[in-house]
Amino acid sequence: MDKDALRKEWKRRLSSLSEEKRNEWLHQMYDKLFSHEYWTSSQIIGVTVSIGNEIDTRPIIEQAWKEGKVVAIPKCNPINKSLSFYQFNDDDQLESHYFGLKEPNPDLCEKIHVSDMDLLLVPGLVFDHSGYRVGHGGGYYDRFLSKENDLLTAALCFEMQLVENLPHERHDIPVGVIITSDKWIESRKKSENNRFQ
Ligand SMILES: Nc1nc2c(c(=O)[nH]1)N(C=O)[C@@H](CNc1ccc(C(=O)N[C@@H](CCC(=O)O)C(=O)O)cc1)CN2
Ligand SMILES: Nc1ncnc2c1ncn2[C@@H]1O[C@H](COP(=O)(O)OP(=O)(O)OP(=O)(O)O)[C@@H](O)[C@H]1O
């Protein structure tokens, strides 16, 4: 399957997940994330504001606030397909101009410099065991990550979003850790670790 076919198929699969299973798995995933050292050692966390059938990021944002962490959310620049991150403290700072996404209003938010970010949670539809991903197809995160070698990256996904191998191109950048409801995968080292099960 090419990337477009994968996108289409996994959007369909995600939309057919029952509310009950979705919630059960999400809570297991959050627990794994919040006990991972990437989370505990990070003060400034980049995360999207989820929409539709994406992994619900609201509980992650609220946990970060509760722990006194800084939440940085992305704003797209569709002209050059770049991302800028802004500090998110309050829902009043959100606006929706582009593609139905909830984005920060730059007039109401402080900009976060990438070099200050500790951990970036990367969205995606399908992932493989090496950390390669297929996202919504804008290439925003690959472009962004191509300039940020040192940033810790993690992705949350359901087990059903994991496949053995994805087609990838030279510009694709794998995420460091994948967290599912069952396990976390240190994808960069290609070794699985079930320490948090
Ligand atoms: N919640 C959430 N926010 C996110 C992402 C995400 O996956 N989830 N992104 C993850 O990357 C970025 C936005 N990703 C996008 C990926 C593709 C298109 C897209 O297909 N745009 C079309 C059509 C635009 C239009 O109709 O206006 C295009 O560019 O041709 C848009 C945004 C940043 N914010
Ligand atoms: N670093 C880059 N430099 C130039 N073009 C890029 C780069 N990364 C991705 N692209 C281009 O962006 C488009 C979308 O890329 P891709 O299919 O990998 O997106 P995606 O990873 O699914 O989306 P996203 O990162 O927004 O979640 C492709 O045409 C790809 O060639």
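Counting starts from 1 at the beginning of each chain's written sequence and moves along it residue by residue. Lettering for chains starts from A, numbering for ligands starts from 1, and both go in the order in which the items are written. Reporting in this predicted model follows two pLDDT cut-offs: at least 70 for local features of residues, and 80 or more for side-chain atom pairs to be given and counted; totals over whole chains, interfaces and linings ignore these cut-offs and use all residues. Working from all heavy atoms in the structure, the side-chain values ignore hydrogens and water.

Which residues make up the overall build of the protein chain, and what values go with them?
A run of H or I in DSSP becomes a helix once it reaches four residues, and a run of E becomes a strand once it reaches two; helices and strands are each numbered from the N terminus. Within the protein chain, the regular secondary structure consists of five helices and 14 strands. Two things to know: the radius of gyration comes from C-alpha atoms, and the globule rule equals 2.2 Å times the number of residues to the power 0.38. A compact globule built from 197 residues should have a C-alpha radius of gyration of about 16 Å, and the protein chain, at 16 Å, falls within 12% of that. C-alpha atoms of the protein chain, sized along the principal axes, occupy 45 × 35 × 35 Å. In the protein chain, buried positions account for 50% of the 197 residues. Throughout, a residue-residue contact means that at least one pair of heavy atoms, one from each residue, lies within 4.5 Å. A separation threshold of at least 6 residues defines the contact pool for the protein chain, and within that pool the share at least 24 residues apart is 65%. Of the roughly 10,100 Å² of accessible surface on the protein chain, 47% is carried by carbon and sulfur atoms. Burial status follows relative accessibility: with a 1.4 Å probe on protein chains alone, a residue under 20% of its type maximum counts as buried, one over 50% as exposed, and anything between as partly exposed. Computed by Shrake-Rupley with a 1.4 Å probe, the accessible areas treat only the displayed protein chains as cover when residues are assessed.

Run through helix α1 (residues 3-15), naming residues and quoting values.
Residues that lie three or four places apart on an α-helix share one face, since the helix turns once every 3.6 residues. Multiplying one less than the number of residues by 1.5 Å gives the expected span of a helix. Between its first and last C-alpha atoms α1 spans 18 Å; for 13 residues at 1.5 Å apiece the expected length is 18 Å, and the two agree. Along α1, the residues classified as buried are K3, L6, R7, E9, W10 and L14. Close packing links the buried residues of α1 with α2 (19-35), β8 (126-128), β9 (133-134) and β11 (162-163).

Let's hear about the pairing of strand β10 (residues 152-156): which residues, and what values?
Counting buried positions along β10 gives four out of five residues, so the element sits mostly inside the fold. Two strands make a pair as long as DSSP finds a minimum of two bridges between them. Note: β10 against strand β12 (residues 177-179), three bridges, orientation parallel. The residue bridging A154 from the neighbouring strand is V177, located in β12.

Can you lay out the environment of V122 for me, pointing to particular residues and giving the numbers?
For V122, the location among the structural elements is in the loop between β7 (119-121) and β8. The buried category is assigned to V122, whose relative accessible area is 4%. Considered as a pair, V122 and V175 are 53 residues apart in the sequence and their alpha carbons are 7.4 Å apart. Ignoring any residue separated from it by four or fewer positions in sequence, one finds V122 in contact with F127, R133, Y141, L145, T153, A154, A155 and V175.

Report on the packing of α2 against helix α4 (residues 58-66), specifying residues and quantitative values.
The axes are straight lines fitted to the C-alpha atoms, using for helices just the contacting stretch, and the angles between their N-to-C directions are given from 0 to 180°. Between α2 and α4, whose axes approach to 11 Å, the crossing angle comes to 35°. For the pair α2 and α4, the crossing hand works out as right-handed. Here α2 contributes Y30, L33 and F34 to the contact with α4, which in turn contributes P59, I60 and Q63. Partitioning the contact of α2 with α4 into residue classes produces five nonpolar, one polar and no charged. Helix crossings are classified by the rotation of the near helix relative to the far one: an anticlockwise turn of less than a right angle makes the crossing left-handed, while a clockwise turn makes it right-handed. Think of it as three bins: nonpolar holds Ala, Val, Leu, Ile, Met, Phe, Trp, Tyr, Cys and Pro, charged holds Asp, Glu, Lys and Arg, and polar takes everything else, Gly as well.

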